[in-house]
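Chain by chain, the residues:
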Amino acid sequence: MILIRLMLLTVLCTVLTGACTSRDSAVLASPTSLEVGEGFVNPIGYYEPKPRFSWLFAPSDGASKSQSAYQIQVSSSPTGLLNKPDKWDSGKVQSSAMSWVDYQGKPLTSREVVFWRVRIWDDNNKVSQWSEVAKIELGLLNNSDWKAVWIGAPATKEELSPSKRTLATPQYFRKPFSVSKHVSKARLYVTAKGVFKVYLNGVDVSENDALPPGWTPYEKRIETLTYDVTQLVQQDANLLGATIAGGWYAGRIAGLMETDHTKPPRFMAQLEITYQDGATDIITTDSSWKSTQSGPVRFASNYDGEKYDQHFEMPGWNSPRFDDTGWAAVIEEAVSENTALRPKRHLPVRNINTLKPISFEQINKDTVVFDFGQNMVGVPSIALPVVAGKEVRLRFAEALNKGEFYTENYRSAHSTDYYLPARTEVASYTPTFTFHGYRYVEVSGFDDSKVPVLDWVSAKVQHSDVELYNNFSSANPKLNKLFSNINWGLKSNFFDIPLDCPQRDERLGWTGDANAFIAPSMYMADVYGFWAAYLESLREEQTEDGFVPLYIPFVEWINWTSSGWGDAATILPWELYMMTGDKKILEDSYPSMKAWVKYHESQASQGISTMKTFGDWLQPFPKAEGKSANRGDTDFSLISTAFFARSVELAAKTAKTLGHAQDAIFFENQHSELAKSFRNYFFDNNLNVTHGESTQTAYLLALAFNLLPESEVAQAQEKLVALLEASDTHLRTGFLGTPLLAQTLQKAGRTDLVYELLFKETYPSWFYSINNGATTTWERWNSYSIKDGFNPQGMNSLNHYAYGTISRWFYEGILGVTPATPGFKKVNIAPQLTSRLAFAEGSVPTPQGEVEVAWEVSQDSVNVDITIPFNTLATFIPPKGYRVGKAARSKDLSITEWSALPTGRYHFSLVPVINGKG
């Protein structure tokens, strides 16, 4: 009987864990949060043929501290995981890795569906239960997988003269087909040169997506999306329909007008149907499709808005039984092998939520201005009483200028939507192929016999579908408001690529802004996939000589590069590596990093760079006048040489991390020589600046980029502090200096100055914008004031994320959480306290789980509570001026050491040190 029980237990363990025995039974909980790549959960249309696996684990008994091994199984069916997985069984791998573990099984191909699960062993060699089964479905990975061709409306032919082509008028497409069998699976693969909406039997398949497939270097790569349409294919008659507009591909962008584009918008789709009997069908875009440009959307532009004419509505056009007699045959265009068609590698822009206006003001009998109380990005939706033939106009503004509706800071972007009703009724309309940055909407042309109400308009908030953590709060309401503003700046400008601003005639992926905000954004949101995709585009746009454009993707406008901007080639991958511990981002970017360093070399002589630069962009109180004032007072060559050295330093660190020993030695020596040149050329024996003005940024660059001998660091810190004190402890930094301020001052032991800068109420400061009604972060420190309105100098975006860089210090300073090793497997926790803040709390997401910190200041002590996730070791560093009076794990188990703290909850009671005594 005992033998039978042991056999039954062994069988049960085999089902649950695959390989346990009665002596090594599964006693731990199962891993959770299974992901592949950069955050995909059960993806359809995945982009990597060799997936990378990640998971989390939360021990239930408190005894498990770390992972000692894992086992991953991958199979073509869920039941296959219970037997012998046919794709990959890693076996028991001795490793603490929980993130981005490489698939090493049989090759995976386009369309393939696989299932996977994972289990772990802890530091006591106890095995967990198997995780729940996760799923991966690959997209079309190669151009050869596409049997479809590009299609377009006849009036968009390339051979037509620009004046006769109708690129700004959206194109509508139809394809009827029939199905006579029962469907078991249907996938729609779709993309566009431009932006699309796609329908199946009248249902908007891409309903929640905004402006897909997004923006990439179109000549190099166009992204594709995969939709599960199994439930939408019906017996007998079916209709596949689509609309497309120019978007970023053929619309007005930067200095380009629609007529400047040489290639018109195109659409491509491939519907693959699998029937229950195993047979398959494929419906592709080809010459059998029909098209028209006589639909209700008459004009569409990212910058200029949309025009909708109800007279052109075609009821049922995207359903099977519509009469398309007047529609024309499409033109075809072959798929080029020079442009890679690849599954989208991060989530698209989507309609995330809806805001209601908080108030309105009627300007005249048929004009009302609605205030949403929040600057944002997206499109409006109207439910508006209209009169047949009377055009409705929707205009947008970020702020009122002395009470007046103001759009001059949009520059040439018309940013206006029009709706021409054919009937007197309550009209419902939401723009499809545009987006706006705004807080206020001016609605004019409505039925003026009606009394305006708030419900006439709402706002669809759109941004890349990234999770925001909302993971910081404090006792200071304005600090919390600043955090909210930075959050909104992130949401507004993470619009498939990291935009500089979302409202004016720019909206480009400026690299300098990205350098300032990449690390803060990683603390605030799940944006690794977003940044990894941007970096792929950067590598594609980089030229053979290493040149990196000012903005990514590149369009013809400004054709030179800048130090502090092009250095995104080195800064972005290194910052991502430090936050994630994922070496692949370095492996992918290392050739690009080396090429950028080579380009730096071509712009330097005897260790001093003469590369062009935008300078310390929008530094306050510049001594220069006119447009040159925007570039600040710090010597351009000093800036360029500093960033040259910084890129070399990061290339050295990357080479060392990846095992390129000779490269690492070369770059380390190069950095040493550049540092000497920088020190001797730009400073005298007393460490005074010898070229250009003595600025805060000059010393910040020298200190933050490790360009001074250790013996002179303290002196440089003193000079930086002296410059701050001379400005009444106000910053004098722009886009390049501001990201370095907090960490450099903290390293100098002057956390008090960081708090002084952070809590300043007057210009230039973060709270100045809040005091003047900001709901996002601004481009200038003084872009706007309630009293004087908009700054007359221009460059007045009220939704710019760059100065949101200070939020990095919320996590690394106020909470005190920094990675001691890449990916936070070892973490330092050194909260920075001030008498001006009674408490702060928040969390830092890491690949192992969340590090949580909360502290509260009382009259005679400080209480600090921290939570360390599984598989992580933390060191607690008491703040300056305090010592640990009492420490406990889970508030009941006293501890005397606070280095190498394993997973668990900890409580520290701190007491002040007075004259060296506690």
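Here the structure is shown first, and the text comes after it.
Residues numbered from 1 in each chain as written. Predicted model: local features only at pLDDT ≥ 70, side-chain atom pairs only at ≥ 80, totals over all residues. Heavy atoms only, no water.

K.L.:
Looking at this model, I keep getting lost on the packing of helix H3 (residues 477-493) against helix H4 (residues 511-524). Mind explaining?
P.N.:
What describes two packed helices is the angle between their axes and the distance between those same axes. Running from N to C, H3 and H4 cross one another at 105 degrees; their axes reach a closest spacing of 11 Å. When the interaxial angle is binned, H3 and H4 end up roughly perpendicular. In this structure, H3 contributes Phe-483, Ile-486, Asn-487 and Leu-490 to the contact, and H4 contributes Phe-517, Ser-521 and Met-524. The residue inventory of the contact of H3 with H4, partitioned by class, reads 5 nonpolar, 2 polar and no charged. (Axes fitted to C-alpha atoms, helices over the stretch in contact; angles between N-to-C directions. Helix = DSSP H or I, 4+ residues; strand = E, 2+ residues; numbered from the N terminus. Parallel < 35°, antiparallel > 145°, perpendicular 65-115°, else oblique. Contact = heavy atoms within 4.5 Å. Nonpolar A, V, L, I, M, F, W, Y, C, P; charged D, E, K, R; others polar.)

K.L.:
Would you mind showing me how to read the pairing of strand E13 (residues 195-200) here?
P.N.:
Where a strand is regular, its side chains alternate between the two sheet faces. The buried fraction of E13 amounts to 6 of the 6 residues, a majority that puts the element mostly inside the structure. Of the two faces of E13, both are covered, the one formed by Val-195, Lys-197 and Tyr-199 as well as the one formed by Phe-196, Val-198 and Leu-200. Here 6 bridges tie E13 to strand E16 (residues 236-245), and the two strands are oriented antiparallel to one another. Bridge pairing in E16 places Lys-197 opposite Thr-243. Bridge count for E13 against strand E14 (residues 203-204) is 2 bridges, and the pairing is antiparallel. Directly across from Leu-200, in E14, lies its bridge partner Val-203. Here E13 hands over to E14 after 2 residues, with Asn-201 in that stretch at a positive phi of 55 degrees. (Buried < 20%, exposed > 50% of the residue type's maximum accessible area, 1.4 Å probe, protein only. Pairing = 2+ DSSP bridges.)

K.L.:
In this structure, what is going on with the packing of aromatic side chains? I would like to understand it.
P.N.:
Centre distance and the angle of the planes are the two values used to describe a pair of aromatic rings. For the coordinates displayed, the defined rule picks out 72 aromatic pairs. Look at Phe-322 and Trp-327: their rings are 6.0 Å apart centre to centre, the planes differ by 70 degrees, and that puts the pair in the edge-to-face class. Among the aromatic side chains, those forming a connected cluster through ring pairs are Trp-510, Tyr-551, Phe-554, Trp-557, Trp-560, Trp-565, Phe-614 and Trp-617. A cation over a ring is seen here: Arg-298 above Phe-312, with NZ or CZ 4.2 Å from the ring centre. The residue whose ring lies beneath Lys-307 is Tyr-418, and the NZ or CZ to ring-centre distance is 5.4 Å. (Phe/Tyr/Trp six-rings, centres within 6.5 Å; stacked < 30°, edge-to-face > 60°. Lys NZ or Arg CZ within 6 Å of the ring centre and 35° of its normal.)

K.L.:
Honestly, the pattern of salt bridges in this entry has me stumped. Any pointers?
P.N.:
Two side chains carrying opposite charge are able to pair once their charged atoms lie near each other. Enumeration according to the criterion identifies 49 salt bridges in this entry. The partner of Glu-112 in a salt bridge is Lys-87, with the nearest N and O atoms 2.5 Å apart. Of the two residues, Glu-112 is situated in the loop between strand E7 (101-102) and strand E8 (113-122) and Lys-87 in the loop between strand E4 (67-75) and strand E5 (88-89); the sequence distance between them amounts to 25 residues. Lys-87 matches Glu-112 in its accessibility class, with the two residues each being buried. Residues Asp-324 and Lys-290 are paired through a salt bridge, measuring 3.5 Å at the closest nitrogen-oxygen approach. Within this pair, whereas Asp-324 is found in the loop between strand E21 (305-309) and strand E22 (328-329), its partner Lys-290 is found in strand E19 (residues 290-292), the two being separated by 34 residues in sequence. According to the relative accessible area criterion, Asp-324 is buried, its value standing at 14%. Looking at Lys-290, the relative accessible area reads 28%, which means it is partly exposed. (Salt bridge = Lys/Arg side-chain N within 4 Å of Asp/Glu carboxyl O.)

K.L.:
Explain the pairing of strand E34 (residues 457-464) to me, please; I cannot follow it from the model alone.
P.N.:
By the criterion of burial, E34 is predominantly enclosed, with 7 of the 8 residues buried. The pairing of strand E25 (residues 349-355) with E34 spans 6 bridges and is classified as antiparallel. Residue pairing in the sheet places Val-349 in a bridge with Ser-464 of E34. Where strand E27 (residues 367-386) and E34 come together, 5 bridges link them in antiparallel fashion. Across the sheet, Ser-381 pairs through a bridge with Ser-458, a residue of E34.

K.L.:
Would you take a moment to explain the nonpolar core for this structure?
P.N.:
One broad rule of soluble globular proteins: the nonpolar side chains tend to lie buried together. Within the largest apolar cluster, 202 residues are counted, with the highest numbers of intra-cluster contacts made by Trp-531, Phe-810, Ile-814 and Phe-908. No other element matches the 11 residues that helix H8 (residues 636-657) contributes to this core. Setting aside chain neighbours within four positions, we find Ile-814 in contact with Phe-472, Leu-479, Tyr-755, Leu-758, Trp-809, Pro-831, Gln-832, Leu-837, Ala-840 and Trp-855. Core analysis: the second largest hydrophobic core is formed by 28 residues, Val-179, Val-190, Tyr-275 and Val-330 among them. (Core = buried A, V, L, I, M, F, W, Y, C linked by side-chain atoms within 4.5 Å.)

K.L.:
Would you mind going over helix H11 (residues 710-726) with me for this structure?
P.N.:
In an α-helix, one turn spans 3.6 residues, which is why side chains three or four residues apart end up on the same side. With 17 residues, H11 should cover 24 Å at 1.5 Å per step; its first-to-last C-alpha distance of 25 Å lies within 8% of that length. The complete set of buried residues in H11 reads Glu-712, Val-713, Ala-716, Gln-717, Leu-720, Val-721 and Leu-724. Residues of H11 that are buried make contact with helix H9 (661-682), helix H10 (696-704), helix H12 (738-747) and helix H13 (751-758). Among the residues trailing H11, Asp-728 stands out with phi positive, at a value near 60 degrees. (Expected span 1.5 Å × (residues − 1).)

K.L.:
Could you clarify how one ought to interpret the side chain of Ser-647 in this entry?
P.N.:
With respect to the element layout, Ser-647 can be found in helix H8. When near neighbours in sequence (up to four residues on either side) are disregarded, Ser-647 contacts Asp-567, Thr-570, Trp-596, Val-597 and His-600.

K.L.:
Looking at this structure, how should I read the sheet that holds strand E3 (residues 52-56)?
P.N.:
Within a sheet, each strand pairs with its neighbour through backbone hydrogen bonds, oriented either parallel or antiparallel. Spatial ordering of the open sheet is given by E1-E3-E7, a layout of 3 strands whose pairing is antiparallel. Each edge of the open sheet carries a strand with a single partner, namely strand E1 (32-36) and E7.

K.L.:
Just checking my understanding: could you explain the sheet that holds E13 for this structure?
P.N.:
Strand order in the open sheet made by the 6 strands is E14-E13-E16-E11-E19-E22, with antiparallel pairing throughout. At either end of the open sheet lies a strand with only one pairing partner, and these are E14 and E22.

K.L.:
Hey, could you run me through the environment of Val-93 in this one?
P.N.:
Assignment of secondary structure puts Val-93 in strand E6 (residues 93-94). Taking the C-alpha atoms as reference points, Val-93 and Ser-68, separated by 25 residues in sequence, lie 8.5 Å from one another. Aside from chain neighbours lying at most four places away, what touches Val-93 is Ser-68, Ala-69 and Tyr-70.

Fair warning: the whole summary comes from geometry, so function is off the table for now.
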